[in-house]
Amino acid sequence: KERSRRLKEAAGLAIAPPATDESRAAAGKYWKGQKAQYWSISLKGWVDCEVTATRPSDGACQISVKPDTWLLTEQQATHLRSKEASMMLAAGAGAGTAAAARPAAPAGAKPPTM
């Protein structure tokens, strides 16, 4: 895997940022309507999106910028982050905290139960 990553970098291809403990913890816990950001390989950066569907049986979700595509938890760990977490990281606050990776559900929203 490391060799493949290095070859992609050498070729100038954008790869997803590495998964963090926080992103692994948040994977599979997104809820419908949650604002998020998706790592776009073609755009080589984070793109605003919204979670449009969730599948509690395996934690997969669909997002507005990838309609009809289920993101598995492994993909979420590297390609999806909550919008709130990204704003906190950009401001330099909350980096390295699980709360930054997965904010509490807003009033009325029901996060999936495990």
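Structure's up top.
Cut-off values and rules
Residues numbered from 1 in each chain as written. Predicted model: local features only at pLDDT ≥ 70, side-chain atom pairs only at ≥ 80, totals over all residues. Heavy atoms only, no water. Core = buried A, V, L, I, M, F, W, Y, C linked by side-chain atoms within 4.5 Å. Buried < 20%, exposed > 50% of the residue type's maximum accessible area, 1.4 Å probe, protein only. Helix = DSSP H or I, 4+ residues; strand = E, 2+ residues; numbered from the N terminus. Contact = heavy atoms within 4.5 Å. Salt bridge = Lys/Arg side-chain N within 4 Å of Asp/Glu carboxyl O. Pairing = 2+ DSSP bridges.

### Regarding the nonpolar core
The nonpolar side chains of a soluble globular protein tend to be buried, and buried together.
For step 1, the next point in the chain: By size, the foremost hydrophobic cluster in this structure holds ten residues: Ala26, Tyr30, Ala36, Tyr38, Cys49, Val51, Cys61, Ile63, Leu71 and Leu80.
For step 2, the next point in the chain: Only strand S1 (35-40), strand S2 (45-55) and strand S3 (60-63) provide two or more residues apiece to this core.
For step 3, the next point in the chain: In this structure, Leu80 is in contact with Tyr30, Ala36, Gln37, Tyr38, Trp46, Cys49, Cys61, Ile63, Leu71 and Gln75, ignoring residues within four places of it in sequence.

### Examining the pattern of salt bridges
For step 1, the next point in the chain: A full pass over the atoms with the stated rule returns four salt bridges.
For step 2, the next point in the chain: With a shortest N-O distance of 3.4 Å, Asp21 and Arg24 are connected by a salt bridge. With Asp21 and Arg24 both in helix H2 (residues 21-26) and three residues apart, this pair spans about one turn of that helix.
For step 3, the next point in the chain: Overall, the relative accessible area of 60% leaves Asp21 in the exposed class.

### A few points about the pairing of S1
For step 1, the next point in the chain: Of all six residues in S1, five are buried; the element is thus mostly enclosed.
For step 2, the next point in the chain: In the sheet, S1 pairs with S2 via six bridges, with the strands oriented antiparallel. Its bridge partner lying in S2, Lys35 is registered against Glu50.
For step 3, the next point in the chain: What sits between the antiparallel neighbours S1 and S2 is a turn of four residues, in which Lys44 has the positive phi angle 55°.

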